[in-house]
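Letter by letter, the chains look like this.
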Amino acid sequence: MEEAGADWIHVDVMDGEFVPNLTIGPIVVEAVRRSTDLPLDVHLMIEKPERYVTDFVKAGASTVSVHVEACPHLHRTLEQIRESGARASVALNPATPATAVETVLADADQVLVMTVNPGFAGQKFIEGMLAKIETLRGWIDDRGLEVVLEVDGGIREGTIERAAGAGADVFVAGTAVFGAPDYAAAIASLRRKASDA
């Protein structure tokens, strides 16, 4: 991915509880860190993420995203991520309104809007998320915050332009890149589409 021109490596961590799939843990993140100097954007789709934040930062996470739906003490968890040495990000499932993160925007470095229901690759982009992206972009800009707005799910040619036009800064593309015969060409094409929006 680094050779193909990716800016970050997005790492999905799933526990089989918060989402119905099971993936990797800190040991794999540590192995990825040894393989690249690119920022590691670690997305914790897990219950009780505060138990594991420090482990993932020690393993090499540059950014840690936790779900508002899994964090009853969200301010504290974002503070924990920063104190551990990583950028703090809060993620929103599609059915969760933007207002769920409005009070923590100033405490976050990044907001991750899920544009599919998390847990499985290859899902269709949920069009209704464009309004949520626009709302968040407006709040970030109106308040003069330096918060990165990231989108994840169904990002490909045809959707990346609309997400960029709604105000997203960072795009997680899995199937659109890994399903292409030429990773570099796929990344370059997506980058062009986003910048043309």
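As shown above, the structure is provided for reference.
Residues numbered from 1 in each chain as written. Predicted model: local features only at pLDDT ≥ 70, side-chain atom pairs only at ≥ 80, totals over all residues. Heavy atoms only, no water.

Trainee: Just checking my understanding: could you explain unusual backbone geometry for this structure?
Mentor: Most peptide bonds adopt trans geometry, and most residues besides glycine take a negative phi value. The backbone of Lys48 shows a phi angle near 50°, a positive value even though the residue is not glycine. For Lys48, the position within the fold is in the loop between β2 (40-45) and α2 (53-59). (Helix = DSSP H or I, 4+ residues; strand = E, 2+ residues; numbered from the N terminus.)

Trainee: I would appreciate a short explanation of the sheet that holds strand β1 (residues 9-14) in the present structure.
Mentor: Think of a sheet as strands paired side by side through backbone hydrogen bonds, with each pair either parallel or antiparallel. Strand order across the open sheet formed by seven strands is β1-β2-β3-β4-β5-β6-β7, with parallel pairing between neighbours. Looking at which strands have only one partner, the edges of the open sheet turn out to be β1 and β7 (170-172). Neighbour-to-neighbour, the strand axes of this sheet turn through a mean angle of 25°, independent of strand direction. Note: strand β5 (residues 110-114) against strand β6 (residues 148-152), five bridges, orientation parallel. (Pairing = 2+ DSSP bridges. Axes fitted to C-alpha atoms, helices over the stretch in contact; angles between N-to-C directions.)

Trainee: I would appreciate a short explanation of the packing of aromatic side chains in the present structure.
Mentor: Where two aromatic rings form a pair, the distance of their centres and the angle of their planes describe that pair. Inspection of the entire model under this criterion finds one aromatic pair. Between Phe178 and Tyr183, the ring centres sit 5.5 Å apart and the planes meet at 75°, which makes this aromatic pair edge-to-face. (Phe/Tyr/Trp six-rings, centres within 6.5 Å; stacked < 30°, edge-to-face > 60°.)

Trainee: What exactly am I supposed to notice about the pattern of salt bridges here?
Mentor: Pairing is possible between side chains of opposite charge, provided their charged atoms come close. For the coordinates displayed, the defined rule picks out seven salt bridges. Between Asp109 and Arg82 there is a salt bridge whose closest N-O contact spans 2.8 Å. Taken together, the residues Asp109 in the loop between α4 (99-102) and β5 and Arg82 in helix α3 (residues 74-84) connect sequence positions 27 residues apart. Take Asp109: its relative accessible area is 19%, and that puts it in the buried class. Given the relative accessible area of 38%, Arg82 is considered partly exposed. Linking Asp141 and Arg137 is a salt bridge whose minimum nitrogen-to-oxygen distance equals 3.3 Å. (Salt bridge = Lys/Arg side-chain N within 4 Å of Asp/Glu carboxyl O. Buried < 20%, exposed > 50% of the residue type's maximum accessible area, 1.4 Å probe, protein only.)

Trainee: I'm lost on the nonpolar core in this one. Help?
Mentor: One broad rule of soluble globular proteins: the nonpolar side chains tend to lie buried together. Formed by 53 residues in total, the largest nonpolar core has its most connected members in Val42, Leu44, Leu78, Val90, Val111, Ile133 and Leu136. Here this core gets five residues from one element, more than from any other, and that element is helix α5 (residues 129-142). Here Val42 is in contact with Val11, Val13, Val29, Phe56, Ala61, Thr63, Val64 and Ser65, once residues within four sequence places are set aside. Judged by nonpolar contacts, the second largest core, of five residues, contains Met14, Phe18, Met45 and Ala70. (Core = buried A, V, L, I, M, F, W, Y, C linked by side-chain atoms within 4.5 Å. Contact = heavy atoms within 4.5 Å.)

Trainee: Please clarify how the pairing of β5 should be interpreted in this entry.
Mentor: For a regular strand, side chains alternate in direction, first toward one face of the sheet and then toward the other. The element β5 is extensively covered by neighbouring structure, given that five of its five residues are classed as buried. Alternating residues of β5 divide into Gln110, Leu112 and Met114 and Val111 and Val113, and every residue in both groups is buried. With four bridges connecting them, strand β4 (residues 87-92) and β5 associate as parallel partners. Across the sheet, Leu92 pairs through a bridge with Val113, a residue of β5. With α5 bridging β5 and its parallel neighbour β6, the resulting β-α-β unit is right-handed. (Right-handed = clockwise from strand over helix to strand, strands pointing away.)

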